[in-house]
Amino acid sequence: MRKVLYILGQLSDDDVEWMATTGVRQHIRSGQDLVTEGQPLKALYLVLDGRFEVTSRSAGSLAILSCGEIVGEISMIDERPPAASVIARTDGVVLALNNDDLRRKLAADVAFAAHFYRSVATFLAERMRSTVQRMGYGKQGRLDDAVEVDGELDINVLDNLHLAGARFDRILKRFMG
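The model shown is predicted, which means the values in this text are computed figures rather than measured ones. (Residues numbered from 1 in each chain as written. Predicted model: local features only at pLDDT ≥ 70, side-chain atom pairs only at ≥ 80, totals over all residues. Heavy atoms only, no water.)

J.: What's the story with the pairing of strand S5 (residues 60–65) in this structure? I'm lost.
T.: Taken residue by residue, a regular strand's side chains alternate between the two faces of the sheet. The pairing of strand S4 (residues 52–56) with S5 spans five bridges and is antiparallel. Of the residues in S5, the one forming a bridge with threonine 55 is serine 61. (Pairing = 2+ DSSP bridges. Helix = DSSP H or I, 4+ residues; strand = E, 2+ residues; numbered from the N terminus.)

J.: Help me understand the pattern of salt bridges, please; the structure alone is not making it clear to me.
T.: Going through the model one piece at a time under the given rule, you end up with eight salt bridges. Between aspartate 13 and arginine 167 there is a salt bridge, with its nearest N and O atoms 2.7 Å apart. A residue pair is termed long-range when its members are at least 10 positions apart, and aspartate 13 in helix H2 (residues 13–22) and arginine 167 in helix H7 (residues 161–176) qualify at 154 residues. Take aspartate 13: its relative accessible area is 40%, and that puts it in the partly exposed class. The closest approach of N and O atoms between arginine 174 and glutamate 17, which form a salt bridge, is 3.1 Å. Here arginine 174 is found in helix H7, whereas its partner glutamate 17 is found in helix H2, with 157 residues between them in sequence. Residue class for glutamate 17 comes out partly exposed when judged on its relative accessible area of 40%. A single salt-bridge network, built from bridges that share partners, covers Asp13, Arg167 and Arg170. (Salt bridge = Lys/Arg side-chain N within 4 Å of Asp/Glu carboxyl O. Buried < 20%, exposed > 50% of the residue type's maximum accessible area, 1.4 Å probe, protein only.)

Have a look at this one:
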């Protein structure tokens, strides 16, 4: 559930309220594709319930996602088709934010755009650091003394951890009852 902490921790309460008001709850059946590799993506998804597997044709199974994960943020940013598929492994529920609605909001609301892009950049930076560590860089010494210990959250995320958790709880209560 770390991704939701990065995203919701950087957004304001108003930003999260807009997402909750604009987003649409969707039920996803086990075995159903949420995202199809190479096919244009029409929404950004926040996983509220269920388990989803990330796969790619070239690498096979990449990850299992569950409550609190966000899917489609990279395709939302660069507008390219996804490089992996996401398939429901159990029945699930997602909050879907239509990409056109999201792009209009980003264009019209500078503060929201700044918060949103910072949240995605912060998460992607953490993912890149983790990937670099997993690939073996730093085994003979760290790349940078400021690199975090594996699994440690960024200080900016930690500062807003309680806000992110409270915001996600509100979304869950609103959509899951």
